[in-house]
Structure formats: structure tokens, C-alpha cells
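# Per-entry structural report
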Amino acid sequence: AETIAVGPMLRSADDVVYVSPAVANYHARLQTRHPSRVIGHGVDTDLFSPSTSGGTSERSAFGVNPGAKVACFAGRCTASKGIEIFIRMAQLRPDWQFLVAGHGPIDPTSYNVPNLQALGHVDRRTLAKVYRAADVLVLPSHSESFSLVVREALAAGTGVLCGDQILQTEPSLHEYVLA
């Protein structure tokens, strides 16, 4: 696909913009009409902003104990996104609550983990509430460029735990994320 479609498309484009330096570096060998640029994902900071209630009202909306420690996962429920690692974390930490916002071929409810709540696909407003209800977003993915969910969670005031590979795509945010 890269040889047949991506390469010719990038070479013929008037302008090329990448969402992360890692993706730009991957395609650096391609000659384009003009120098490419990197512009990271934009985040709606009016929607993805810290809670005004300290997360209490958001936790209540999801039936989460106000004093509980809460971890969330946002994205497709696939092996490459690390959903099974997140589910295993929930099994190992019954003292935490775990929220999953997303759907996919792996169904978190099939694991019957009592402290894990699968919300399915949620709209952006609900996703913002999920971030505000959580203490930390966990993104155990091992194969993606810097994720929009990481930026949204940070904008919502939520801590982030992810792998080094994700941070390599956006080194400027390294100081804000646990890797």
C-alpha cells in the first residue's frame, strides 16, 4: 500500500502535514513538493478541561465511589491498543475502579471483572467526563503515534500512564506523562 498509494500521494501533494515527528521521520525519505510540517492533534480545551467539582460529579455520573482511585482506558478495544493489559490491571487491583470508553473485537465485559465498567463507544462530551472522573488514563498501546486521547486526558487534568514508544512520537510532552 505504501509503494502503490502512500508514496505517490505524498510526493504529488501540494503540502504534507504530519501529526507527530515520528510519522514525519518515517516518511522523511520521500521527496515532496514542499517541506513537510508537523502539527500535532488539536484539542478542544473548552470541552476537555479540568473538573470544577474535583471529579466528584463525574464519578457520580458513572456510579463510581467518590473516594476510589480510578483508571480509564479510551480507544478501540484491541490487542494492539493494550486493552487486555488494562483488563489485567483491573484484575490485579480490586481496590481501584476501571472505566473503559470504547469498543472493538475484545469485549472487556467477557472477563467478568467486578471493578471494571465498560461504557462502550461514547460521544466526546461523555469522554471528557470519563477523563475528569479518572485519576489516570492508561494507554498500554505499543504501536501508535502520539495519541489524541493522551492530549485530551492531559487537557482534562488527568494523569497519563503510557509506554515509551508513544512518548517518542512527542518528546515535548514527556514531562507530563508517566512512562
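Below you will find a few notes about this structure. (Residues numbered from 1 in each chain as written. Predicted model: local features only at pLDDT ≥ 70, side-chain atom pairs only at ≥ 80, totals over all residues. Heavy atoms only, no water.)

### Looking at the overall build of the protein chain
Inclusion rule: Under the scheme used here, helices are H or I runs from DSSP no shorter than 4 residues and strands are E runs no shorter than 2 residues, and both carry numbers assigned from the N terminus. Exposure is judged per residue with a 1.4 Å probe applied to protein chains only, and the accessible area is read against the type maximum: over 50% gives exposed, under 20% gives buried, and values in between give partly exposed. Each accessible area is a Shrake-Rupley result for a 1.4 Å probe, and residues are judged covered by the shown protein chains and nothing else. Counting rule for charge: Lys and Arg are taken as positive, Asp and Glu as negative, and neither His nor the chain ends is counted. Taken as the charge centre is NZ of Lys, CZ of Arg, CG of Asp or CD of Glu, depending on the residue.
What the protein chain contains, in helices and strands, is seven helices and seven strands. With respect to the principal axes defined by its C-alpha atoms, the protein chain has extents near 55 × 35 × 25 Å. Out of the 179 residues in the protein chain, the part that is buried amounts to 40%. On the protein chain, roughly 9600 Å² of surface is accessible, and the fraction owed to carbon and sulfur atoms is 54%. With 15 positive and 16 negative side-chain charges, the protein chain shows a spacing of 2 Å between the two charge centroids.

### Overview of the packing of helix H5 (residues 124-133) against helix H6 (residues 148-155)
Keep this limit in mind: Geometry is summarised by axes, namely lines fitted to C-alpha atoms with helices restricted to the contacting stretch, and by angles between N-to-C directions that run from 0 to 180 degrees. A clockwise turn of the near helix away from the far one marks a right-handed crossing, whereas an anticlockwise turn of less than a right angle marks a left-handed crossing. In this description, contact between two residues means that some pair of their heavy atoms is separated by no more than 4.5 Å. We call Asp, Glu, Lys and Arg charged. Ala, Val, Leu, Ile, Met, Phe, Trp, Tyr, Cys and Pro are nonpolar, and the rest, Gly among them, are polar.
Their axes nearest at 9 Å, the elements H5 and H6 cross at an angle of 65 degrees. Considering how the two elements wind past one another, H5 and H6 form a crossing that is right-handed. Of the residues in H6, those touching H5 at Arg124, Leu127 and Tyr131 are Val149, Glu152 and Ala153. For the contact of H5 with H6, the class distribution of residues is four nonpolar, no polar and two charged.

### Comments concerning the sheet that holds strand E3 (residues 69-74)
Our working definition: We call two strands paired when DSSP finds no fewer than two bridges between them.
With respect to topology, five strands assemble into an open sheet ordered E5-E4-E3-E6-E7, the strand pairing being parallel. Of all the strands in the sheet, just strand E5 (116-120) and strand E7 (159-162) have a single pairing partner and so form its edges. Each strand axis lies, on average, 25 degrees off the axis of its neighbour in the sheet, ignoring direction. When strand E4 (residues 96-101) meets E5, the two strands line up parallel, connected through four bridges. Bridge assignment links Phe98 to a residue of E5, and that residue is Leu116. Across the sheet, helix H4 (residues 83-92) lies against E3, E4, E5 and strand E6 (136-139), angled at about 155 degrees from E4, the strand it touches most.

### Brief notes about H5
Put simply, the rule is: The term polar contact refers here to a pair of N or O atoms within 3.5 Å; inside protein, the definition further demands a hydrogen-donor-capable atom paired with an acceptor-capable atom, and it admits residues adjacent in sequence only when both atoms are side-chain atoms.
Leu127, Ala128, Val130, Tyr131, Arg132 and Ala133 are the residues of H5 that are buried. Buried residues belonging to H5 abut helix H3 (56-61), E3, E4, E5, E6 and H6. N-cap assignment for H5: the residue whose side-chain oxygen lies 3.2 Å from the backbone N of Arg125 is Asp123.

### Quick look at H6
In an α-helix, one full turn covers 3.6 residues, which means residues spaced three or four apart are oriented alike. When we look at burial in H6, the residues that qualify are Val149, Val150, Arg151, Glu152 and Ala153. In this fold, the buried residues of H6 make contact with E3, H5, E6 and E7. In the segment just after H6, Gly157 is the residue with positive phi, at about 85 degrees.

### Description of the environment of Ala71
Looking at where Ala71 falls in the secondary structure, it is placed in strand E3. Between the C-alpha atoms of Ala71 and Leu161, which are 90 residues apart in sequence, the distance is 9.6 Å. Those residues within four positions of Ala71 in sequence are excluded, and the remaining contacts are Phe86, Trp96, Gln97, Phe98, Leu99, Ala134, Val136 and Val138.

### A word on the packing of aromatic side chains
Note the threshold: Aromatic contacts are taken between Phe, Tyr and Trp rings whose centres are within 6.5 Å, Trp giving its six-membered ring; a plane angle under 30 degrees counts as stacked, one over 60 as edge-to-face, and the others as tilted.
All told, the structure shown has four aromatic pairs when counted by the stated rule. Judged by centre distance (5.6 Å) and plane angle (45 degrees), the ring pair of Phe73 and Phe86 falls under tilted. Here the residue Phe73 occupies a position in strand E3, and Phe86 occupies one in helix H4, the gap between them amounting to 13 residues. Residue class for Phe73 comes out buried when judged on its relative accessible area of 0%. Assessed through its relative accessible area of 0%, Phe86 is described here as buried. Summarising the aromatic geometry, the rings of Phe86 and Phe98 are spaced 5.3 Å apart at their centres and angled 75 degrees between planes, so their arrangement reads as edge-to-face. You can see Phe86 sitting in helix H4 and its partner Phe98 sitting in strand E4, a full twelve residues away along the chain. The two residues Phe86 and Phe98 agree in class, both being buried. An aromatic cluster is built from Phe73, Phe86, Trp96 and Phe98, whose rings are joined through pairwise contacts.

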